[in-house]
Amino acid sequence: MKYNVVQNYINGKFSGSADRYLDVISPLDGTELSKVPMSKKEDLDAAVAAAKKAFPAWSRTTIKDRVQVFFKFKTLLEKHLQELAELCSEENGKTIGESVAEIEKCIELTEFATSLPQLITGELLEVSRGVECRTEHAPLGVVASIVPFNFPAMVPMWTIPNAIALGNCMIIKPSEKVPLSCGRIAELLKEAGLPDGVFNIVHGDVEIVNAICDHPEIEAVSFVGSTKIAKVVYQRATSNYKRCLALGGAKNHLMVLPDAIPSMTAQNVAASMSGCAGQRCMAASAMIAVGNVDSIIDKICEEASKIVPGDNLGAVINKESQQRIEKYISEAEAAGAKVLVDGRNSKVKGKENGTYVGPTVIDNVTPDMAIAKEEVFGPVIAIMRTKTVDEAIAIENSNPYGNAASVFTQNGGMARYIIDKASAGMVGVNVGVPVPREPFSFGGWNDSKFGVGDITGKSSIEFWTKLKKSTVKWNAEAGINWMS
Ligand code: NAD
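Definitions and limits used
Residues numbered from 1 in each chain as written. Predicted model: local features only at pLDDT ≥ 70, side-chain atom pairs only at ≥ 80, totals over all residues. Heavy atoms only, no water. Helix = DSSP H or I, 4+ residues; strand = E, 2+ residues; numbered from the N terminus. Rg over C-alpha atoms; globule rule 2.2 N^0.38 Å. Buried < 20%, exposed > 50% of the residue type's maximum accessible area, 1.4 Å probe, protein only. Core = buried A, V, L, I, M, F, W, Y, C linked by side-chain atoms within 4.5 Å. Domains from an automatic or database assignment. Contact = heavy atoms within 4.5 Å. Near = heavy atom within 4 Å. Polar contact = N/O pair within 3.5 Å; in protein donor to acceptor, adjacent residues only side chain to side chain. Nonpolar A, V, L, I, M, F, W, Y, C, P; charged D, E, K, R; others polar. Expected span 1.5 Å × (residues − 1). Pairing = 2+ DSSP bridges. Right-handed = clockwise from strand over helix to strand, strands pointing away. Buried area = accessible area lost by both parts, 1.4 Å probe. Salt bridge = Lys/Arg side-chain N within 4 Å of Asp/Glu carboxyl O. Axes fitted to C-alpha atoms, helices over the stretch in contact; angles between N-to-C directions. Phe/Tyr/Trp six-rings, centres within 6.5 Å; stacked < 30°, edge-to-face > 60°. Lys NZ or Arg CZ within 6 Å of the ring centre and 35° of its normal.

1. Examining the overall build of the chain
Here is step 1 of the chain: Tallying secondary structure elements over the chain gives 16 helices and 20 strands in all.
Here is step 2 of the chain: Over its C-alpha trace the chain gives a radius of gyration of 24 Å, about what one expects of a compact globule, namely 23 Å for 484 residues.
Here is step 3 of the chain: Its C-alpha atoms put the chain at 80 × 60 × 40 Å along the principal axes.
Here is step 4 of the chain: Looking at the chain as a whole, 57% of its 484 residues are labelled buried.

Shown next, in the form of structure tokens:
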């Protein structure tokens with residue numbers, strides 16, 4: 001085992017043990033990295049108690065002082081960028097380049113948190129002579145964040161800096177598949193000066209997630225993961241009267257029009273479907289070829305063929321995922337789709353125990369096939385053909401998800417039409433992965449998100465705080481009027 005057994009992080013210390021552990025395996029080559037504890041409700045209780053104890057002092061610290069921790073944390077992320085990227089790559093399977101980009105995104109998210117004092121100013125108005133109304137954003141208390149495997153550092157960082165800079169104390173439940181990066185984030189937050197108890201980690205699975213949703217002293221729960229579990233978490237947390245924002249899975253459509261710039265389109269489509277081995281909730285998974293775009297499809301195949309597992313393509317998370325992805329491809333082929341570039345049975349020399357799927361381009365997919373409708377979460381693009389833009393939009397709209405949609409065209413009017421008609425929270429024009437960068441917020445529609453608002457950017461202020469409204473009169477002579 002390469003690293004020590006993972007422990008929970010409670011009140012500024014790594015501690016505890018469990019009756020049950022799961023292996024943490026590197027998808028890159030099958031190396032056993034560590035073991036992760038499946039904690040019990042009592043472990044969560046200890047973390048909540050620590051967070052509750054830390055809350056009065058942390059919430060009374062001014063936001064200008066709170067964000068000083070994140071200025072220092074940003075420099076620590078920069079200093080440890082390479083080391084963090086290597087850890088992220090080892091536990092998740094993505095390439096080092098992708099992991100470096102992930103940590104760079106963590107730095108950007110931290111930068112945003114340091115700007116919160118500029119954004120959180122309340123409002124004040126003299127509503128009648130001598131009487132002022134004022135609003136302030138107050139922290140909620142103890143909050144929780146439940147995260148998936150596909151971004152071991154970035155998705156935790158969607159919630160950690162904003163929730164904490166806004167005065168909350170947090171408990172995070174990392175994915176049991178990638179528990180290591182969060183531990184390193186905890187160490188760096190402590191080094192940056194975050195007081196003990198403000199940030200805590202409890203590892204585990206369904207038992208801890210349920211305990212978070214039920215815990216009477218947790219005020220808000222954010223969740224990022226599959227739609228199936230997002231629905232369960234949203235329902236359970238809100239039925240316990242908690243605030244909840246639950247982001248789910250995705251099936252993102254790219255529409256390619258005949259006037260699209262061929263080489264740029266091909267590069268973007270190939271990068272979108274294969275980046276992070278297709279394990280991004282913003283990855284292109286379905287492409288709708290509108291009219292004759294055969295020459296662009298040829299170029300997409302050329303680009304896909306330059307993507308090599310173990311070189312510029314990482315591994316998928318585990319064997320189960322590898323088999324699931326290959327099954328989607330085989331079933332589509334059996335139903336009449338044409339596999340133009342085939343990533344099945346990929347092996348990387350010297351890393352035979354790694355779990356790789358090569359880039360896969362499948363043409364002549366029909367909208368009724370599972371590969372066209374379901375989230376595949378692998379480096380696979382399913383191409384459907386339509387004669388018109390409206391038919392393409394109808395396919396996109398009929399999908400229950402709604403994270404992202406993109407169009408490739410040089411026609412501004414058509415691009416605007418598709419922005420209006422796409423049923424997705426994030427739309428791209430000539431961009432394969434339309435992730436809004438800070439300060440713009442991230443969040444899908446439909447079955448890709450349950451709850452109000454978005455998880456990052458300015459929208460997160462509303463989620464992690466509650467408004468205090470005060471009406472104040474200091475002047476005894478102020479008149480009494482109809483609303484006094
Ligand atoms: P997942 O839903 O399996 O797991 C997410 C979290 O829920 C993990 O912490 C896991 O331990 C926990 N969990 C798993 N099963 C549970 C259960 N039965 N009850 C309670 N909790 C449970 O997701 P994943 O496989 O880790 O991540 C991939 C999914 O996340 C994909 O669907 C992807 O699209 C989605 N995702 C969405 C976004 C977004 O912004 N919408 C971002 C990243 C990932």
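2. Concerning the nonpolar core
Here is step 1 of the chain: The biggest cluster of nonpolar side chains holds 89 residues, and the ones touching the most others in it are F73, W158, I160, I164 and F199.
Here is step 2 of the chain: A domain-level breakdown of this core finds at least three residues from each of domain 1 (8–248 + 448–469) and domain 2 (252–429).
Here is step 3 of the chain: Non-local contacts of I160, meaning those with residues more than four positions away in its chain, are made with F70, M170, I172, I185, L189 and F199.
Here is step 4 of the chain: M255, L257, A337 and M384 belong to the second-largest nonpolar core, a separate cluster that totals 33 residues.

3. Here we look at the site of the ligand
Here is step 1 of the chain: Around the ligand there are 27 residues in total, and K173, E176, S226, G248 and E375 lie nearest to it.
Here is step 2 of the chain: Here an oxygen atom of the ligand sits 2.6 Å away from a polar atom, N or O, in the side chain of S226.
Here is step 3 of the chain: The side chain of E375 places a nitrogen or oxygen atom 2.6 Å from an oxygen atom of the ligand.
Here is step 4 of the chain: Secondary structure elements with two or more residues in the shell around the ligand: α8 (206–214) and β10 (220–224).
Here is step 5 of the chain: Grouping the constituent residues of the shell around the ligand by class yields 16 nonpolar, eight polar and three charged.
Here is step 6 of the chain: For the shell around the ligand, the two domains that each supply at least three residues are domain 1 (8–248 + 448–469) and domain 2 (252–429).

4. Describing helix α10 (residues 262–274)
Given 3.6 residues per helical turn, the α-helix brings residues three or four places apart onto the same face.
Here is step 1 of the chain: With 13 residues, α10 should cover 18 Å at 1.5 Å per step; its first-to-last C-alpha distance of 18 Å lies within 8% of that length.
Here is step 2 of the chain: Among all positions in α10, only T265, A266, V269, A270, S272, M273 and S274 are buried.
Here is step 3 of the chain: Once α10 ends, the next one or two residues include C276, with phi positive near 50 degrees.

5. Section: the pairing of strand β13 (residues 284–290)
Here is step 1 of the chain: Along β13, seven of the seven residues are buried, which leaves the element largely enclosed by surrounding structure.
Here is step 2 of the chain: Bridge count between strand β12 (residues 252–256) and β13: five bridges; the pairing is parallel. Counted as the bridge partner of M255 is I288 from β13.
Here is step 3 of the chain: Following the backbone out of β12, through α10 and into the adjacent parallel β13, one traces a crossover that is right-handed.
Here is step 4 of the chain: By the bridge criterion, five bridges tie β13 to strand β16 (residues 380–386) in an arrangement that is parallel. The residue of β16 that forms the bridge with A286 is A382.

6. Here we look at the domain arrangement of the chain
Here is step 1 of the chain: Under the domain assignment used here, the chain contains domain 1 (8–248 + 448–469) and domain 2 (252–429).
Here is step 2 of the chain: Once you take the C-alpha centre of each, domain 1 and domain 2 turn out to be 31 Å apart.
Here is step 3 of the chain: Counting from both sides, the interface comprises 17 residues of domain 1 and, opposite them, 23 residues of domain 2.
Here is step 4 of the chain: Summing both partners gives a buried area of about 1500 Å² for domain 1 against domain 2, and 60% of it is carried by carbon and sulfur.
Here is step 5 of the chain: On the domain 1 side of the interface with domain 2, the three residues burying the most area are P27, F149 and S448, jointly 31% of the side's total.
Here is step 6 of the chain: For the pair domain 1 and domain 2, the number of links is zero salt bridges.
Here is step 7 of the chain: Here domain 1 is connected to domain 2 by seven residue pairs in polar contact (both at pLDDT 80 or more).
Here is step 8 of the chain: For the side of domain 1 that touches domain 2, the residue count by class is five nonpolar, seven polar and five charged.

7. Details of the sheet that holds strand β20 (residues 465–473)
Strands pair in a sheet through their backbones, by hydrogen bonds, and they do so in one of two ways: parallel or antiparallel.
Here is step 1 of the chain: In space, the three strands of this open sheet follow the order β5-β6-β20, with antiparallel pairing throughout. Both edges of this open sheet fall to β5 (124–128) and β20, since each of them pairs with a single strand only. Each strand of the sheet is rotated relative to its neighbour by a mean of 30 degrees, with strand direction disregarded.

8. Details of the sheet that holds strand β17 (residues 404–408)
Here is step 1 of the chain: Taken in spatial order, the seven strands line up as β14-β15-β16-β13-β12-β17-β18 in an open sheet, and their pairing is mixed. Across the chains shown, the open sheet's two edge strands, defined by having one partner strand only, are β14 (338–341) and β18 (426–429). Neighbour-to-neighbour, the strand axes of the sheet open up by a mean angle of 20 degrees, direction not taken into account.
Here is step 2 of the chain: Sheet topology places β17 next to β18; four bridges connect them, and they run parallel. In the strand pairing of β18, A405 is matched with V427.

9. Focus on the pattern of salt bridges
Here is step 1 of the chain: According to the stated counting rule, one finds 29 salt bridges in the structure shown.
Here is step 2 of the chain: When the shortest N-O distance is used, the salt bridge between K35 and E32 registers 3.0 Å.
Here is step 3 of the chain: For K35, a relative accessible area of 28% translates into the label partly exposed.
Here is step 4 of the chain: For E78, the salt bridge is made with K74, and the minimal N-O distance between the two is 2.7 Å. Highlighted residues: E78 and K74, both in helix α2 (residues 63–79), separated by four residues, approximately one helical turn.
Here is step 5 of the chain: Connected through shared salt-bridge partners, K105, E108, R437 and E438 make up one network.

10. Some points on the side chain of S34
Here is step 1 of the chain: Along the chain, S34 falls in strand β4 (residues 32–37).
Here is step 2 of the chain: Within the structure, the side chain of S34 is placed 3.4 Å from the backbone nitrogen of V6, a separation counted as a polar contact.
Here is step 3 of the chain: Ignoring sequence-local partners within four residues, the contact set of S34 consists of M1, Y3, N4, V5, V6, L22, D23, V24 and L180.

11. A closer look at the packing of aromatic side chains
Here is step 1 of the chain: Using the criterion set out here, one finds six aromatic pairs in the structure.
Here is step 2 of the chain: When the ring of F463 is compared with that of W464, the centres are 4.8 Å apart and the planes differ by 75 degrees; the resulting orientation is edge-to-face.
Here is step 3 of the chain: Take F463: its relative accessible area is 8%, and that puts it in the buried class.
Here is step 4 of the chain: If you follow K94 out to its NZ or CZ, it ends over the ring of F151, 3.7 Å from the centre.

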